[in-house]
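Here are the chains, one letter per residue:
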Amino acid sequence: MSALTRPRWTLTEAAQRVGVSRSTLRRRLAANAFPNAVQDASGAWTLGVEDLLGAGFTLARPVVEPTNQSTPVTPLMNQAHPAVSQAHEPGSPDLAEVARLKAELAAERARTEVERAHRLAAEQLATDRAHHIDDLRSALRMLTATPAAPPAPPAPATAPTPAPTTETAAPPPDATAGPRRRRSLLPWRR
């Protein structure tokens, strides 16, 4: 492997290296968490290290090399990259620190994205509530701005009662005309 080529692993290898199940990686693959995943001609998926780190996985899990039974189990982060092992200086960061920082950066980016989504949702909610409050204020103005009741008509002036006259009162209704018919309150019976 050259110094510029990043390792790519099948789902099974990647699952072993990051310490999760293969089905977990399949679900993340279905959710487009690995933008650089490649499917070969046989249908097998391969994932790059940058995709795994970008999705928040850490590569600090033990790896068993199947080539030799006497090879001890060593964490991947303690293994130096061939290009770096030759030029590793005491003051330079090792690969474990770089991997940890990349994972931390990916986690912070994810957290920032979640906070951004929460902020946008809160701003939308505040805008909706402001519109609702404006609608309620408008309705309240309409209810309280009804025209005032018309003023009560002035009380009629009482006219002085005329003095009794000596004239005779009107004659009583004719008794021979028959009984007076009473008017119904129902309009269709009038």
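Peer 1: Which residues make up helix α1 (residues 11-18), and what values do they have?
Peer 2: All of the buried residues along α1 are Leu11, Ala14, Ala15, Arg17 and Val18. Relative to the axis of α1, the buried residues are bounded by an arc of 165 degrees and lie together on one face. Of the residues flanking the end of α1, it is Gly19, one or two places downstream, whose phi is positive at about 80 degrees.

Peer 1: A description of the packing of α1 against helix α2 (residues 22-30) should follow, citing residues and the corresponding values.
Peer 2: Two elements in contact, α1 and α2, have axes separated by 8 Å at closest approach and are oriented at 110 degrees. With respect to α2, the axis of α1 lies roughly perpendicular. Read as a crossing pair, α1 and α2 show a hand that is right-handed. Residues Leu11, Thr12, Ala14 and Ala15 of α1 lie in contact with α2, whose contacting residues are Arg22, Leu25 and Arg26. Split by residue class, the contact of α1 with α2 holds four nonpolar, one polar and two charged.

Peer 1: Pulling in residues and values, what's your account of the sheet that holds strand β1 (residues 8-10)?
Peer 2: Spatial strand order, β1-β3-β2: three strands in an open sheet with antiparallel pairing. Edge positions in the sheet fall to β1 and β2 (38-39), since each has one partner strand and no second. Its contacts with the sheet place α1 against β1 and β3 (45-48), and it is angled at close to 105 degrees to β1.

Peer 1: Which residues make up the nonpolar core, and what values do they have?
Peer 2: Ranked by internal contacts, the top residues of the largest apolar core, which has 16 residues, are Leu25, Phe34, Leu47, Leu52, Phe57 and Leu59. Considering every element that reaches this core, the biggest residue donor is α1, with four residues.

What counts, and at which threshold
- Residues numbered from 1 in each chain as written.
- Predicted model: local features only at pLDDT ≥ 70, side-chain atom pairs only at ≥ 80, totals over all residues.
- Heavy atoms only, no water.
- Buried < 20%, exposed > 50% of the residue type's maximum accessible area, 1.4 Å probe, protein only.
- Helix = DSSP H or I, 4+ residues; strand = E, 2+ residues; numbered from the N terminus.
- Arc of directions from axis to C-beta.
- Axes fitted to C-alpha atoms, helices over the stretch in contact; angles between N-to-C directions.
- Parallel < 35°, antiparallel > 145°, perpendicular 65-115°, else oblique.
- Left-handed = near helix turned anticlockwise from the far one by under 90°.
- Contact = heavy atoms within 4.5 Å.
- Nonpolar A, V, L, I, M, F, W, Y, C, P; charged D, E, K, R; others polar.
- Pairing = 2+ DSSP bridges.
- Core = buried A, V, L, I, M, F, W, Y, C linked by side-chain atoms within 4.5 Å.

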